[in-house]
Each structure stands twice: as C-alpha cells, then as structure tokens.
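# Architecture at a glance
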Amino acid sequence: MKNSSGMKKGPKVFVGMSGGVDSSVSAALLKQAEYDVTGVFIKTWSPDWLPCTWREERRDAMRVAAKLKIPLLTLDLEKEYKEGVAEYMIEGYRRGEVPNPDVMCNKIIKFGGFFDFAMRQGADYVATGHYAQIRQEADPARKKPALLAPNHQGAVAIRTAFLLAGSRDSEKDQTYFLWMLGQKQLSHTLFPIGDFKKSEVRRLAKKFDLPVADKKDSQGLCFMGDIDVKDFLKHYIKEKKGDVLSEEGEVIGEHEGSTFYTIGERHGFKINKKTPDDTPYYVVKKDTAKNILVVSNKKSSGEIMKKEILIKDVNWNQGRAPDLSKKLEARIRYRQELQVCRLEEPEKGVYKVIFDADQPAPSSGQSVVFYSKNICLGGGVIL
C-alpha cells in the first residue's frame, strides 16, 4: 500500500493512546520510524460517583494525534472493563482475596478487546506505552512455532520465540503486569519506549513538541486513576463490623469488615486492649466466612511470612513451562527485589513455589511472576 505521496507505507500499527506522555511518545516514535500509525483511545467504565475524566483524556489524545497528523479512533470497551476488571476485583475482595486489577486490565482490555479489534482492522501490530521490551530468538526445539520468521529473501528461515524482557528503566519496568501475555500477543506487539528511561521519554515528548509533554503521570488503578481501593470497595461491599483477635484467641478490638484488609496490614482496625508500650499490630490471618481478623505485633507470626506458595491460572509466555529442575527468580509484588525460588507441579495446573527466603505477606489473588536473566517467563495467581 502507498500513501498520498506515492511512498510505500510501513507496517500498520494501532497505538493505544490514553492522553498520557508514555503512549503519546510511543506514537511519535512509531511515526518517526515510518510505521503506518493509527491512534486508538480506549473508553472504559467508571462508576458514576467518581469524577468523569475520559472526555478530557480523549481531548489530550486528539491533540497529540493532530500534532502527529495521525487518525484517532475511539474504542468503547466499557462493558468489558466493568465485567472483566472492576467486577473481578470486587468479587475477589468479597471472597477474601487481594486481586490484581492491573493484570486483568492488560489481559481483558489492552491485549484482549483492543488487540482483537486491531487485528480485525488489519493491523500488523498493536503498540502501548508499557515499559517492557520484546525480543526474538531462534527456538528449534519448538514443535509448533509461535511464528515462522522470514529471512531477508522472504523465505521461512527459523522458528522464532518472542520473549518478554524487562525495560531498560528498571524502576518503571511493567513486566510484572504483563505475565498473562502469550506468543499470539507478543508476536504482534510493540513497546516503543521499553528501551528508554522515563527521563528520556520526557525529553522526547518535548523534542516532539507534544501537547502533553508536561502532563503528570497517572497513578492508581488501570484507567480509573488514583483512588482509594478501600473507599471504592465500600460502594459495593457492605461494611460489617467484626472482632479482632489476638493469636491466643482473645478479642482485643474490632474492624469494619474482614474483606477490606490484607495480610500484613497494620491500619484501619481498632485495638481496645493495649498498653503504652505496645508495638504496632499486623493482620496475620483473616477468616472471611467468620468475619474475623487475627493480629500480632510480631512480623513473623501467622501467615505474614511464607517460604512456600501455591499458585493457579498459570501462564507461560513462551507456551511451555520452564525447566523445573533449575532455579528461577520471582516477585510476589510490583517492584519487589527478585527472589530465588524453585517450582514443583504437585497436580496439573497447580504449582508450588518454594523460595529460598521467607516472603512477606503473600496474599491470595495476587500474582507471582517468574524471571530468568531479565526475561519474564510467566506467572500465576496465589491460591
């Protein structure tokens, strides 16, 4: 296909444009590299009691698209977000878990609804402003290759695996939230800013003279922004006061509802029986069915520290499990230092993660993500 000047267009890429700096610079870099770029603003669900910001965010995306002279589409994924992300989070907390909505947002929205829409429209790739990288390597062992990569003459040359690698900016690396991606998505995805530091992305925004160059980074939940999770949940889960127990079973206080608390938390519950010399109390166990919290002022008590964790819903980015005889590295929360571990599979689909060192406050519903030499291998959800 040729453009109006008679020049042949590059690969067709749909860029998820949120109106923020990262996605805007991603679009600019792709336009500079002569891709055939289309911006897509994704409209998602937001509760009616939160300030409505999507129109303002879309205006910013439109201003960037106009600056770059690229088309901008609006994709309505409100239903998918409400059911697959918001309700997933609410129901998870209702069961006593601590779900990760950002992981589900990537799976259901960015690399679900948006990815599928782009492929239906004939895009070769989707691109986002994630801080991550994708690498390719020959994989002769693969029986069913993810993609047959052409050589320079156009003939099929090698079987290729697409690897999810960490960002050059380790402080911003977002692979922890991308562990549910598979070869289908990785082989058709670009992360244009993955090889840049955040400070460099800011400088690029000014270099490209983007209207959002000085815009603050968004914080908080995917698409919802900086909201207090407990306040959000209280709109959907009724508060129900319950007892706070000591490890000996004595009632020493009260709480607002066990679903609102996580293992290791030290705020939000009331201790009635305490002395001036008491150190802070931590939630070391919770029973959602009985609406009880057990607390201790010893950080090593109860379920706070664990070396072994069971996980489910496991996904391996390369389509197969790593060698279980070798040690891996993993993290159980965003930005945690990587921890050495090994894996066992006691039953099909369920893995036991055995860490070399105790892990603080692993919570049911959270993600464990595995790495080897800066390559994200995949992950699973804590049981």
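Up top is the structure.
These remarks concern the structure in this document.

Thresholds applied
- Residues numbered from 1 in each chain as written.
- Predicted model: local features only at pLDDT ≥ 70, side-chain atom pairs only at ≥ 80, totals over all residues.
- Heavy atoms only, no water.
- Pairing = 2+ DSSP bridges.
- Helix = DSSP H or I, 4+ residues; strand = E, 2+ residues; numbered from the N terminus.
- Contact = heavy atoms within 4.5 Å.
- Axes fitted to C-alpha atoms, helices over the stretch in contact; angles between N-to-C directions.
- Buried < 20%, exposed > 50% of the residue type's maximum accessible area, 1.4 Å probe, protein only.
- Arc of directions from axis to C-beta.
- Core = buried A, V, L, I, M, F, W, Y, C linked by side-chain atoms within 4.5 Å.
- Phe/Tyr/Trp six-rings, centres within 6.5 Å; stacked < 30°, edge-to-face > 60°.
- Lys NZ or Arg CZ within 6 Å of the ring centre and 35° of its normal.
- Salt bridge = Lys/Arg side-chain N within 4 Å of Asp/Glu carboxyl O.

## Brief notes about the sheet that holds strand S1 (residues 12-16)
Strands sit in the order S3-S2-S1-S4-S8 across an open sheet of five strands; the sheet is parallel. A single partner strand is all that each edge strand has here, and the edge strands are strand S3 (72-76) and strand S8 (189-190). As paired strands, strand S2 (residues 36-43) and S3 are joined by five bridges and run parallel to one another. In the sheet register, Val 40 faces S3, and the bridge partner there is Leu 73. Where helix H1 (residues 21-32) meets the sheet, its contacts fall on S1, S2, strand S4 (125-127) and S8, and the angle it forms with S1 comes to roughly 165 degrees.

## A short note on helix H6 (residues 198-207)
For the α-helix, the turn length of 3.6 residues means that residues three or four positions removed from each other point alike. Those residues of H6 that sit buried are Lys 198, Val 201, Leu 204 and Ala 205. Seen end-on, H6 carries its buried residues on one side only, within an arc spanning 110 degrees. Among the exposed residues of H6, those pointing more than 90 degrees away from its buried face are Arg 203, Lys 206 and Lys 207. Of the surrounding elements, those touching the buried residues of H6 are H1. Directly after H6, the chain includes Asp 209, whose backbone phi takes a positive value near 55 degrees.

## Regarding the nonpolar core
Grouped together as the largest cluster of nonpolar side chains are 62 residues, with contacts concentrated most on Phe 269 and Val 295. Ranked by the residues each element gives to this core, the list is headed by helix H4 (residues 101-120), at nine residues. Among all residues touching Phe 269, those that are not within four sequence positions of it are Val 244, Glu 254, His 255, Tyr 261, Tyr 281, Val 283 and Val 295. One finds Ala 27, Leu 68, Leu 204 and Ala 205 within the second-largest nonpolar core, a separate group that totals 27 residues.

## Considering the sheet that holds strand S11 (residues 270-271)
Within the open sheet, the five strands sit side by side as S11-S10-S9-S13-S12. Their pairing is mixed. Taken across any chain shown, the strands that pair with only one partner, and hence form the sheet edges, are S11 and strand S12 (282-287). In this sheet, strand S13 (residues 292-296) lies alongside strand S9 (residues 242-245) in parallel orientation, the contact comprising two bridges. Within S13, the residue paired with Leu 245 across the bridge is Val 294.

## Some remarks on the packing of aromatic side chains
Using the criterion set out here, one finds nine aromatic pairs in the structure. Among the aromatic residues, those joined into a cluster by ring pairs are Trp 49, Phe 232 and Tyr 236. Directly above the aromatic system of Trp 45 lies the positively charged group of Lys 82, at a separation of 5.7 Å from the ring centroid. The ring of Tyr 371 has Arg 331 lying over it, and the distance from NZ or CZ to the ring centre is 5.0 Å.

## Overview of the pattern of salt bridges
Under the criterion given, the structure shown has 21 salt bridges. Linking Glu 57 and Lys 215 is a salt bridge whose minimum nitrogen-to-oxygen distance equals 2.6 Å. Note that Glu 57 is positioned in helix H2 (residues 54-68) and Lys 215 in the loop between H6 and helix H7 (229-233), a separation of 158 residues in sequence. The partner of Glu 83 in a salt bridge is Lys 79, and the shortest N-O contact between them spans 3.3 Å. Of this pair, Glu 83 and Lys 79 both sit in helix H3 (residues 78-94), separated by four residues, roughly a single helical turn. In the salt-bridge network here, residues are joined through shared partners; they are Asp 22, Lys 198, Arg 202 and Asp 217.

## Observations concerning unusual backbone geometry
Backbone geometry at Lys 69 places phi at a positive 60 degrees, although glycine is not the residue there. Within the fold, Lys 69 resides in the loop between H2 and S3. Assessed through its relative accessible area of 74%, Lys 69 is described here as exposed. For Asn 291, which is not glycine, the phi torsion reads 60 degrees and is therefore positive.

## A look at the pairing of strand S18 (residues 367-372)
Among the six residues of S18, five are classified as buried, and the element is accordingly described as predominantly covered. Alignment of strand S15 (residues 328-331) against S18, held across three bridges, turns out to be antiparallel. Counterpart to Arg 331 in the pairing with S18 is Val 369. Counting the residues that bridge the hairpin from S18 to strand S19 (residues 375-382) gives two residues, and of these Lys 373 lies at a positive phi of roughly 50 degrees.

## Details of the environment of Glu 83
According to the relative accessible area criterion, Glu 83 is partly exposed, its value standing at 43%. Taking the C-alpha atoms as reference points, Glu 83 and Leu 383, 300 residues apart in sequence, are found 22 Å from one another.

## Regarding the environment of Ala 213
With respect to the secondary-structure elements, Ala 213 resides in the loop between H6 and H7. Exposure remark for Ala 213: the relative accessible area of 9% places this residue in the buried category. Considering only alpha carbons, one finds Ala 213 and Ser 199, 14 residues apart in sequence, at a separation of 12 Å.

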